[in-house]
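Residue strings, one per chain:
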Amino acid sequence: MSDMTRVRILGVAQDAGIPHVGCSCQNCERHRDAPLHVACLGIVADSGKTYLIDATPDLPHQIRMLPEFPSGIFLTHAHYGHYTGLMHLGREGMGTPNVPVYSTQKMRKFLRGNAPWELLERHRHVDYQALSGNKGSWEFEPALSIEWAQVPHRNEYADTVAFTVRALHGKSLLFLPDIDAWPSGEPANLLKGCDIALIDGSFFTREELGPRGADVPHPPIRETLDRLKPEQAEKVRFLHFNHTNPVLDPDSNARAEIEAAGAGVALQGDWIDLG
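All of these numbers come straight from a predicted model, not from anything done at the bench.

*Asks:* For this particular structure, what's the right way to read the sheet that holds strand S9 (residues 161-167)?
*Replies:* As summarised here, the arrangement of the seven strands in space is S7-S8-S9-S10-S11-S12-S13, forming an open sheet in which the pairing is mixed. Every other strand in the sheet has two partners, leaving strand S7 (135-141) and strand S13 (264-265) as the edge strands with one partner each. Direction of pairing for S9 relative to strand S10 (residues 172-176): antiparallel, over a ladder of four bridges. Along S10, the bridge assignment pairs Val165 with Leu173.

*Asks:* Even after reading the chapter, I still don't get the pattern of salt bridges, so can you show me in this structure?
*Replies:* Pairing of side chains with opposite charge becomes possible as their charged atoms draw close. Tallied over the entire structure, the rule returns nine salt bridges. Ionic pairing is found between Glu223 and Arg206, a salt bridge with its closest N-O pair at 3.4 Å. Of this pair, Glu223 sits in helix H7 (residues 221-227) while Arg206 sits in the loop between strand S11 (196-200) and H7, and the two are 17 residues apart along the sequence. Taking relative accessible area as the criterion, Glu223 reaches 38% and is therefore assigned partly exposed. Looking at Arg206, the relative accessible area reads 28%, which means it is partly exposed.

*Asks:* Is there a simple way to explain helix H9 (residues 253-260) in this structure?
*Replies:* Two residues of an α-helix separated by three or four positions point the same way, owing to the 3.6 residues in each turn. Along H9, the residues that are buried comprise Ala254, Arg255 and Ile258. Projection of H9 onto a plane perpendicular to its axis shows the buried side chains occupying an angular sector of 100°, all on one side. Turned more than 90 degrees off the buried face of H9, the exposed positions are Asn253, Glu259 and Ala260. Lining the buried residues of H9 we find H7, strand S12 (236-239) and S13. Phi turns positive, to about 95°, at Gly262, one or two residues after H9.

*Asks:* It is not clear to me how the pairing of S12 should be interpreted in this structure. Could you clarify?
*Replies:* Looking down a regular strand, the side chains alternate between one sheet face and the other. Bridge analysis of S11 against S12 gives four bridges, and the strand direction is parallel. Its bridge partner being in S12, Leu198 is matched across the sheet by Arg237. Judged from the two bridges that link them, S12 and S13 form a sheet pairing that is parallel. Residue pairing in the sheet places Arg237 in a bridge with Gly264 of S13. At this point the chain moves from S12, through H9, to the parallel S13, and the crossover so formed is right-handed.

*Asks:* Looking at this structure, I do not really get the pairing of S11. What am I missing?
*Replies:* The element S11 is extensively covered by neighbouring structure, given that five of its five residues are classed as buried. As defined by bridge partners, S10 adjoins S11 across four bridges and the pair is classed as parallel. Each residue of the ladder has a partner; that of Leu174, found in S11, is Ala197.

*Asks:* How should the sheet that holds strand S3 (residues 50-53) be read in this particular structure?
*Replies:* The strands that make up a sheet pair up through hydrogen bonds in the backbone, lying either parallel or antiparallel. Strands sit in the order S6-S5-S4-S3-S2-S1-S14 across an open sheet of seven strands; the sheet is mixed. Every interior strand has two partners, whereas the edge strands, strand S6 (126-131) and strand S14 (271-273), have only one. Geometrically, the sheet is characterised by an average inter-axis angle of 25° between neighbouring strands, direction not taken into account. Alignment of S3 against strand S4 (residues 72-74), held across three bridges, turns out to be parallel.

What counts, and at which threshold
- Residues numbered from 1 in each chain as written.
- Predicted model: local features only at pLDDT ≥ 70, side-chain atom pairs only at ≥ 80, totals over all residues.
- Heavy atoms only, no water.
- Pairing = 2+ DSSP bridges.
- Helix = DSSP H or I, 4+ residues; strand = E, 2+ residues; numbered from the N terminus.
- Salt bridge = Lys/Arg side-chain N within 4 Å of Asp/Glu carboxyl O.
- Buried < 20%, exposed > 50% of the residue type's maximum accessible area, 1.4 Å probe, protein only.
- Arc of directions from axis to C-beta.
- Contact = heavy atoms within 4.5 Å.
- Right-handed = clockwise from strand over helix to strand, strands pointing away.
- Axes fitted to C-alpha atoms, helices over the stretch in contact; angles between N-to-C directions.

Next up, the structure:
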(Lines give C-alpha, C1' and ligand atoms only; values in the text may rest on other atoms or scores of the structure.)
Protein backbone atom coordinates (compact mmCIF):
# COMPACT_ATOMS: atom_id res chain seq x y z
CA MET A 1 0.00 0.00 0.00
CA SER A 2 1.30 3.45 -0.96
CA ASP A 3 0.76 6.68 0.95
CA MET A 4 -0.20 8.67 -2.14
CA THR A 5 -2.00 8.48 -5.45
CA ARG A 6 0.20 8.31 -8.53
CA VAL A 7 -0.53 8.19 -12.20
CA ARG A 8 1.70 6.76 -14.92
CA ILE A 9 1.76 7.79 -18.55
CA LEU A 10 1.47 4.42 -20.30
CA GLY A 11 1.47 5.73 -23.87
CA VAL A 12 1.71 8.97 -25.84
CA ALA A 13 0.90 8.03 -29.44
CA GLN A 14 -2.29 8.31 -31.47
CA ASP A 15 -4.40 5.23 -32.09
CA ALA A 16 -2.03 3.34 -34.41
CA GLY A 17 1.05 3.79 -32.22
CA ILE A 18 4.57 4.66 -33.32
CA PRO A 19 6.10 3.24 -35.45
CA HIS A 20 3.00 3.66 -37.59
CA VAL A 21 1.91 0.60 -39.55
CA GLY A 22 3.49 0.50 -43.01
CA CYS A 23 5.56 3.65 -42.46
CA SER A 24 9.32 4.13 -42.57
CA CYS A 25 9.50 7.88 -41.91
CA GLN A 26 12.23 9.25 -39.68
CA ASN A 27 9.99 9.34 -36.60
CA CYS A 28 8.88 5.76 -37.10
CA GLU A 29 12.43 4.51 -37.65
CA ARG A 30 13.58 6.36 -34.54
CA HIS A 31 11.12 4.31 -32.48
CA ARG A 32 11.44 0.98 -34.30
CA ASP A 33 13.19 -0.62 -31.32
CA ALA A 34 11.47 1.46 -28.63
CA PRO A 35 7.81 1.80 -29.66
CA LEU A 36 5.57 4.53 -28.34
CA HIS A 37 2.30 3.02 -27.13
CA VAL A 38 -1.14 4.48 -27.69
CA ALA A 39 -2.11 7.26 -25.26
CA CYS A 40 -3.26 5.75 -21.98
CA LEU A 41 -3.11 6.58 -18.29
CA GLY A 42 -2.61 4.29 -15.31
CA ILE A 43 -3.84 5.30 -11.85
CA VAL A 44 -2.33 3.79 -8.71
CA ALA A 45 -4.47 4.72 -5.71
CA ASP A 46 -3.06 4.95 -2.20
CA SER A 47 -5.03 1.77 -1.46
CA GLY A 48 -2.73 -0.05 -3.88
CA LYS A 49 -5.49 -0.65 -6.42
CA THR A 50 -4.80 0.33 -10.02
CA TYR A 51 -7.05 1.63 -12.80
CA LEU A 52 -6.71 2.38 -16.50
CA ILE A 53 -8.05 5.25 -18.53
CA ASP A 54 -8.59 3.73 -21.99
CA ALA A 55 -7.95 0.18 -23.16
CA THR A 56 -5.57 0.45 -26.10
CA PRO A 57 -4.31 -2.21 -28.52
CA ASP A 58 -1.07 -2.02 -26.49
CA LEU A 59 -2.80 -3.14 -23.28
CA PRO A 60 -0.57 -6.24 -22.73
CA HIS A 61 2.52 -4.02 -22.61
CA GLN A 62 0.85 -1.26 -20.62
CA ILE A 63 -0.46 -3.40 -17.76
CA ARG A 64 3.12 -4.60 -17.24
CA MET A 65 4.00 -0.98 -16.45
CA LEU A 66 1.68 -1.07 -13.41
CA PRO A 67 2.16 -2.86 -10.07
CA GLU A 68 -0.95 -5.02 -10.52
CA PHE A 69 -3.77 -5.74 -12.94
CA PRO A 70 -6.34 -2.91 -13.05
CA SER A 71 -9.38 -3.07 -10.79
CA GLY A 72 -11.33 -1.06 -13.37
CA ILE A 73 -11.06 0.62 -16.76
CA PHE A 74 -12.47 4.01 -17.78
CA LEU A 75 -13.10 4.64 -21.50
CA THR A 76 -13.02 8.05 -23.20
CA HIS A 77 -14.64 7.11 -26.54
CA ALA A 78 -15.22 4.59 -29.33
CA HIS A 79 -12.21 5.07 -31.60
CA TYR A 80 -10.16 1.95 -32.00
CA GLY A 81 -7.06 3.07 -30.13
CA HIS A 82 -9.09 3.74 -26.99
CA TYR A 83 -11.26 0.68 -26.39
CA THR A 84 -10.14 -2.26 -28.57
CA GLY A 85 -7.63 -3.36 -25.95
CA LEU A 86 -10.65 -4.92 -24.24
CA MET A 87 -10.13 -7.82 -26.67
CA HIS A 88 -7.20 -8.98 -24.53
CA LEU A 89 -9.59 -9.63 -21.62
CA GLY A 90 -11.53 -12.34 -23.48
CA ARG A 91 -11.15 -16.10 -23.41
CA GLU A 92 -8.51 -15.98 -26.18
CA GLY A 93 -6.41 -13.73 -23.94
CA MET A 94 -6.47 -13.25 -20.18
CA GLY A 95 -9.99 -14.56 -19.59
CA THR A 96 -10.53 -12.02 -16.83
CA PRO A 97 -13.45 -12.28 -14.36
CA ASN A 98 -15.91 -9.36 -14.53
CA VAL A 99 -13.52 -6.42 -14.86
CA PRO A 100 -15.58 -3.22 -14.39
CA VAL A 101 -15.47 -1.05 -17.53
CA TYR A 102 -16.82 2.47 -16.97
CA SER A 103 -18.05 4.64 -19.82
CA THR A 104 -20.88 6.95 -20.83
CA GLN A 105 -24.32 5.47 -21.41
CA LYS A 106 -23.89 5.80 -25.19
CA MET A 107 -20.55 4.04 -25.08
CA ARG A 108 -21.98 1.21 -22.97
CA LYS A 109 -24.86 0.84 -25.42
CA PHE A 110 -22.37 0.58 -28.29
CA LEU A 111 -20.31 -2.09 -26.51
CA ARG A 112 -23.35 -4.13 -25.53
CA GLY A 113 -24.87 -3.89 -28.99
CA ASN A 114 -21.91 -4.96 -31.11
CA ALA A 115 -19.74 -8.03 -31.53
CA PRO A 116 -17.27 -9.01 -30.27
CA TRP A 117 -17.60 -6.59 -27.37
CA GLU A 118 -20.98 -7.84 -26.19
CA LEU A 119 -19.48 -11.33 -25.99
CA LEU A 120 -16.99 -10.15 -23.38
CA GLU A 121 -19.83 -9.28 -21.02
CA ARG A 122 -21.93 -12.31 -21.96
CA HIS A 123 -18.99 -14.53 -20.96
CA ARG A 124 -18.49 -12.42 -17.80
CA HIS A 125 -15.00 -11.21 -18.63
CA VAL A 126 -16.11 -7.59 -18.21
CA ASP A 127 -18.93 -5.71 -16.52
CA TYR A 128 -19.98 -2.63 -18.50
CA GLN A 129 -21.09 0.16 -16.17
CA ALA A 130 -22.44 3.57 -17.19
CA LEU A 131 -21.34 6.96 -15.92
CA SER A 132 -24.49 9.07 -15.72
CA GLY A 133 -24.93 12.19 -17.82
CA ASN A 134 -22.66 14.30 -20.00
CA LYS A 135 -20.88 15.63 -16.94
CA GLY A 136 -20.40 14.25 -13.47
CA SER A 137 -18.12 13.11 -10.65
CA TRP A 138 -17.64 9.86 -8.75
CA GLU A 139 -15.49 9.04 -5.72
CA PHE A 140 -14.31 5.64 -6.92
CA GLU A 141 -11.69 5.29 -4.16
CA PRO A 142 -11.59 6.93 -0.71
CA ALA A 143 -10.51 10.58 -1.22
CA LEU A 144 -10.03 9.97 -4.95
CA SER A 145 -12.60 10.98 -7.54
CA ILE A 146 -12.91 10.96 -11.29
CA GLU A 147 -14.83 13.63 -13.18
CA TRP A 148 -16.06 13.39 -16.76
CA ALA A 149 -17.19 16.05 -19.20
CA GLN A 150 -18.30 15.63 -22.80
CA VAL A 151 -16.07 17.19 -25.47
CA PRO A 152 -16.59 17.61 -29.25
CA HIS A 153 -15.09 14.82 -31.31
CA ARG A 154 -15.99 12.61 -34.27
CA ASN A 155 -18.68 10.53 -32.59
CA GLU A 156 -19.61 7.95 -35.19
CA TYR A 157 -20.61 5.34 -32.59
CA ALA A 158 -20.84 6.93 -29.16
CA ASP A 159 -19.66 10.14 -27.51
CA THR A 160 -16.36 11.44 -26.12
CA VAL A 161 -15.39 12.62 -22.65
CA ALA A 162 -12.39 14.11 -20.92
CA PHE A 163 -11.53 12.71 -17.49
CA THR A 164 -10.12 14.56 -14.49
CA VAL A 165 -8.58 12.50 -11.69
CA ARG A 166 -8.76 14.42 -8.43
CA ALA A 167 -7.03 13.53 -5.16
CA LEU A 168 -9.02 15.10 -2.31
CA HIS A 169 -5.91 16.12 -0.38
CA GLY A 170 -3.65 16.58 -3.37
CA LYS A 171 -3.59 17.53 -7.03
CA SER A 172 -5.85 16.94 -10.02
CA LEU A 173 -4.98 15.78 -13.52
CA LEU A 174 -6.95 16.25 -16.75
CA PHE A 175 -6.71 13.54 -19.43
CA LEU A 176 -7.99 14.75 -22.80
CA PRO A 177 -6.32 12.83 -25.65
CA ASP A 178 -8.90 13.63 -28.34
CA ILE A 179 -10.88 16.72 -29.28
CA ASP A 180 -11.85 18.07 -32.71
CA ALA A 181 -11.50 21.77 -31.92
CA TRP A 182 -11.45 24.06 -28.91
CA PRO A 183 -14.84 25.64 -28.22
CA SER A 184 -14.93 29.28 -27.20
CA GLY A 185 -13.14 29.78 -23.90
CA GLU A 186 -11.19 26.52 -24.13
CA PRO A 187 -8.89 25.02 -23.12
CA ALA A 188 -8.63 27.79 -20.53
CA ASN A 189 -11.84 26.80 -18.71
CA LEU A 190 -10.81 23.15 -18.51
CA LEU A 191 -7.43 24.11 -17.14
CA LYS A 192 -9.01 26.10 -14.29
CA GLY A 193 -10.13 22.87 -12.68
CA CYS A 194 -6.83 20.98 -12.72
CA ASP A 195 -3.18 21.20 -11.73
CA ILE A 196 -1.82 19.12 -14.62
CA ALA A 197 -3.32 18.62 -18.08
CA LEU A 198 -2.44 15.87 -20.57
CA ILE A 199 -4.11 17.10 -23.75
CA ASP A 200 -4.43 16.44 -27.46
CA GLY A 201 -1.21 17.18 -29.32
CA SER A 202 -1.83 14.98 -32.36
CA PHE A 203 -0.31 17.48 -34.80
CA PHE A 204 2.05 20.39 -34.41
CA THR A 205 0.61 22.30 -37.39
CA ARG A 206 -1.97 21.49 -40.04
CA GLU A 207 0.71 21.78 -42.69
CA GLU A 208 2.44 18.56 -41.62
CA LEU A 209 -0.36 16.56 -43.30
CA GLY A 210 -0.14 18.43 -46.60
CA PRO A 211 -3.43 18.93 -48.51
CA ARG A 212 -5.32 16.74 -45.99
CA GLY A 213 -4.45 19.03 -43.08
CA ALA A 214 -7.31 21.47 -43.54
CA ASP A 215 -9.89 18.70 -43.16
CA VAL A 216 -8.36 16.73 -40.28
CA PRO A 217 -9.75 17.51 -36.81
CA HIS A 218 -7.62 17.94 -33.68
CA PRO A 219 -6.37 21.41 -32.72
CA PRO A 220 -2.67 21.69 -33.69
CA ILE A 221 -0.27 22.28 -30.83
CA ARG A 222 0.72 25.68 -32.17
CA GLU A 223 -2.93 26.85 -32.17
CA THR A 224 -3.42 25.53 -28.63
CA LEU A 225 -0.35 27.38 -27.40
CA ASP A 226 -1.67 30.59 -28.95
CA ARG A 227 -4.78 30.28 -26.75
CA LEU A 228 -2.87 29.87 -23.49
CA LYS A 229 -1.51 32.38 -21.04
CA PRO A 230 1.89 31.48 -19.52
CA GLU A 231 0.36 30.34 -16.23
CA GLN A 232 -2.00 28.06 -18.16
CA ALA A 233 0.69 26.64 -20.43
CA GLU A 234 2.70 25.55 -17.39
CA LYS A 235 0.01 22.97 -16.60
CA VAL A 236 0.03 21.41 -20.07
CA ARG A 237 1.81 18.33 -21.37
CA PHE A 238 0.88 17.27 -24.89
CA LEU A 239 0.33 13.66 -25.99
CA HIS A 240 -1.55 11.52 -28.57
CA PHE A 241 1.11 12.28 -31.19
CA ASN A 242 0.68 11.33 -34.83
CA HIS A 243 3.80 9.85 -36.38
CA THR A 244 4.12 12.96 -38.56
CA ASN A 245 4.52 15.24 -35.53
CA PRO A 246 7.97 16.89 -35.35
CA VAL A 247 7.86 17.06 -31.54
CA LEU A 248 8.78 13.37 -31.55
CA ASP A 249 12.33 14.56 -32.22
CA PRO A 250 13.58 15.87 -28.86
CA ASP A 251 16.01 18.20 -30.66
CA SER A 252 13.40 19.73 -32.97
CA ASN A 253 12.41 23.37 -33.22
CA ALA A 254 8.85 22.23 -32.46
CA ARG A 255 9.89 20.80 -29.10
CA ALA A 256 11.83 23.99 -28.34
CA GLU A 257 8.76 26.09 -29.19
CA ILE A 258 6.61 24.15 -26.74
CA GLU A 259 9.18 24.52 -23.98
CA ALA A 260 9.60 28.24 -24.69
CA ALA A 261 5.85 28.67 -24.16
CA GLY A 262 6.16 27.00 -20.75
CA ALA A 263 4.37 23.78 -21.73
CA GLY A 264 5.80 20.29 -22.08
CA VAL A 265 5.66 16.97 -23.88
CA ALA A 266 4.32 13.90 -22.06
CA LEU A 267 6.89 11.12 -21.82
CA GLN A 268 5.94 7.46 -21.86
CA GLY A 269 6.66 5.82 -18.53
CA ASP A 270 6.70 9.01 -16.47
CA TRP A 271 5.07 9.00 -13.04
CA ILE A 272 3.06 11.95 -11.73
CA ASP A 273 2.34 12.24 -8.00
CA LEU A 274 -1.09 13.57 -7.08
CA GLY A 275 -0.54 13.28 -3.34
